[in-house]
Amino acid sequence: MPLTVAVQMDPIAGINIAGDSTFALMLAAQARGHRLFVYGPEELNQSGERVWAQARPVTVQRVVGDHFTPGDAVSIDLGDDVDVVLMRQDPPFDLGYITATHLLERIADRTLVVNDPASVRNAPEKLFVLDYRRFMPPTLITRSVDEARAFLKEHGSVVVKPLHGNGGKAIFKVDADGQNLSSLIEVFNTAYREPHMVQAFLPAVAKGDKRIVLVDGEVAGAVNRLPGEGEIRSNLAVGGTAAKTELTPREREICAALGPELKRRGLIFVGIDVIGGEWLTEINVTSPTGIVAIEKFDGTDVAGLIWDAIEARIAAR
């Protein structure tokens, strides 16, 4: 059955269609006969029980420089006129993002929102993962310079990163001598009101940081992301390169532990990050990526699997 799909996303004109997971999902939806609308989170409105957006109907095609054709903007009721909302704008996970989850939660009893907005709000990437500490490297959440120094002394080299960062931004390695650790924490304390994440540095990151995609709690595929020369960050957005990979037994154990809870929470499309085949570092639920690279290396139609899961959930409502 054709569905009406509203995609809440960053401006479609600016996306890189070669690797963008949202675009891949839109292409797959269109191929199934679903009708697409796009709007930005700033277009959300709410009054009474009604939540609506100024959205544009759109068709998409894999043509660089001519990848979409928009129609005229219309006011679309997200609770009554839409079957699925894909919440796909990129972080930061700030008050604007959180407010959007609150507004979309108001229509979740009528329209399937992917991922579930309440679960997205309650599962920020670097905090939800703390529920699975047994799979994580040694980790400290703090704003304290003294606590960070003590952690460094215990574990040697560390990585410091914002608790709500994304895309590999503002990630710093501090070596065992502690040079610049105090200054770095002071800068982070000025820039961010929340605590920060400090983790033991894992030398195995040189061999890659694996992105594993789970669809409705089941493994759909994985890609290894290799850091560029002189980098510790392997995110594709900051110059990492993708490579074909297989899951280790430990990674399968991690996915088996996470899967039922992801499914229960309505987190249909999730990307987890694992270093060295054994260390879980993030559970990405806000706007996961990686499905284009997985299809390139494995031939797995992850976008199709996601739409299979969405359609099954709608049929069961």
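Residues numbered from 1 in each chain as written. Predicted model: local features only at pLDDT ≥ 70, side-chain atom pairs only at ≥ 80, totals over all residues. Heavy atoms only, no water.

Next up on the list: the packing of aromatic side chains. Counted by the stated rule, this structure contains 4 aromatic pairs. A centroid spacing of 6.0 Å and a plane angle of 75 degrees characterise the contact between Phe-128 and Tyr-132, whose relative ring orientation is edge-to-face. According to the relative accessible area criterion, Tyr-132 is buried, its value standing at 8%. An aromatic cluster is present here, built from Phe-172, Phe-188 and Tyr-192 joined pairwise through their rings. A cation sits over an aromatic face here: Arg-50 above Trp-52, 4.3 Å from the ring centre. (Phe/Tyr/Trp six-rings, centres within 6.5 Å; stacked < 30°, edge-to-face > 60°. Buried < 20%, exposed > 50% of the residue type's maximum accessible area, 1.4 Å probe, protein only. Lys NZ or Arg CZ within 6 Å of the ring centre and 35° of its normal.)

With that settled, the discussion passes to the environment of Leu-152. By secondary structure assignment, the location of Leu-152 is in helix α5 (residues 145-155). Taking the C-alpha atoms as reference points, Leu-152 and Gly-178, 26 residues apart in sequence, are found 7.2 Å from one another. Leave out the neighbours within four places in its chain, and Leu-152 touches Ser-157, Val-158, Val-174, Asp-175, Ala-176, Gly-178 and Leu-181. (Helix = DSSP H or I, 4+ residues; strand = E, 2+ residues; numbered from the N terminus. Contact = heavy atoms within 4.5 Å.)

This paragraph deals with helix α2 (residues 95-105). The periodicity of an α-helix, 3.6 residues per turn, causes residues three or four positions apart to be oriented the same way. Inspection of α2 places Tyr-97, Ala-100, Thr-101, Leu-103 and Leu-104 among the buried residues, and these make up the whole buried set. All buried residues of α2 lie within an arc of 165 degrees about the axis, which places them on one face of the element. Two or three places before Gly-96, at the start of α2, stands the capping residue Asp-94, its side-chain oxygen 3.2 Å from that residue's backbone nitrogen. (Arc of directions from axis to C-beta. Polar contact = N/O pair within 3.5 Å; in protein donor to acceptor, adjacent residues only side chain to side chain.)

Moving on, we come to the sheet that holds strand β12 (residues 196-200). The strand order across the open sheet formed by 4 strands is β9-β12-β10-β11, and the pairing between neighbours is antiparallel. Pairing within the sheet leaves two strands with one partner each, and these edge strands are β9 (139-142) and β11 (172-174). Taken pair by pair, the neighbouring strands of this sheet meet at an average axis angle of 25 degrees, ignoring direction. As defined by bridge partners, strand β10 (residues 158-162) adjoins β12 across 5 bridges and the pair is classed as antiparallel. In the strand pairing of β12, Val-159 is matched with Gln-199. Helix-sheet contacts for α5 involve β9, β10, β11 and β12, and the interaxial angle to β9 is about 170 degrees. Of the strands in this sheet, β10, β11 and β12 are in contact with helix α6 (residues 181-191), which crosses β10 at around 15 degrees. (Pairing = 2+ DSSP bridges. Axes fitted to C-alpha atoms, helices over the stretch in contact; angles between N-to-C directions.)

Side chains bearing opposite charge may pair, as long as their charged atoms lie close to each other. Following the criterion strictly, the structure yields 19 salt bridges and no others. Here Lys-126 ties to Glu-282 by a salt bridge, and the two come within 3.2 Å at their closest N and O atoms. With Lys-126 in helix α4 (residues 125-128) and Glu-282 in strand β17 (residues 279-284), this pair connects stretches of sequence that are 156 residues apart. Its relative accessible area of 4% is what places Lys-126 among the buried residues. The partner of Arg-225 in a salt bridge is Asp-273, with the nearest N and O atoms 3.0 Å apart. Of this pair, Arg-225 sits in strand β14 (residues 218-226) while Asp-273 sits in strand β16 (residues 269-275), and the two are 48 residues apart along the sequence. Considered together, Arg-225 and Asp-273 belong to a single accessibility category, that of buried residues. Each of Asp-131, Glu-261, Arg-264 and Arg-265 takes part in salt bridges that share partners, so that together they form one network. (Salt bridge = Lys/Arg side-chain N within 4 Å of Asp/Glu carboxyl O.)

The next subject is the nonpolar core. Among the nonpolar cores identified, the biggest contains 42 residues, and Tyr-39, Leu-78, Val-85, Leu-104, Ile-272, Leu-280 and Ile-283 are the most heavily contacted of them. At the level of elements, β2 (35-39), β4 (50-60), β7 (84-87), α2, β13 (209-215), α7 (249-264), β16 and β17 are the ones that each hand at least two residues to this core. When near neighbours in sequence (up to four residues on either side) are disregarded, Tyr-39 contacts Ala-6, Val-7, Gln-8, Met-9, Leu-44, Ala-53, Gln-54, Ala-55, Leu-78, Val-85 and Leu-104. Counting 39 residues, the second largest nonpolar core, distinct from the first, contains Ile-12, Val-38, Leu-86 and Val-215. (Core = buried A, V, L, I, M, F, W, Y, C linked by side-chain atoms within 4.5 Å.)

Taking 1.5 Å per residue, 15 residues should reach 21 Å; helix α9 (residues 302-316) reaches 21 Å between its end C-alpha atoms and fits that length. For α9, the set of buried residues is Val-302, Ala-303, Gly-304, Ile-306, Trp-307, Ala-309, Ile-310 and Ile-314. (Expected span 1.5 Å × (residues − 1).)

This paragraph deals with the sheet that holds β17. Judged by pairing direction, the sheet is antiparallel, and its 5 strands sit side by side in the order β15-β14-β13-β16-β17 without closing on themselves. Sheet topology places β15 (241-243) and β17 at the edges, where each strand pairs with a single neighbour. Averaged over all adjacent pairs, the angle separating strand axes in this sheet is 30 degrees, with direction ignored. Those strands touched by α7 are β13, β14, β16 and β17, and its axis lies near 150 degrees from that of β16. The sheet strands contacting α9 are β13, β14 and β16, and the helix crosses β13 at an angle near 35 degrees.

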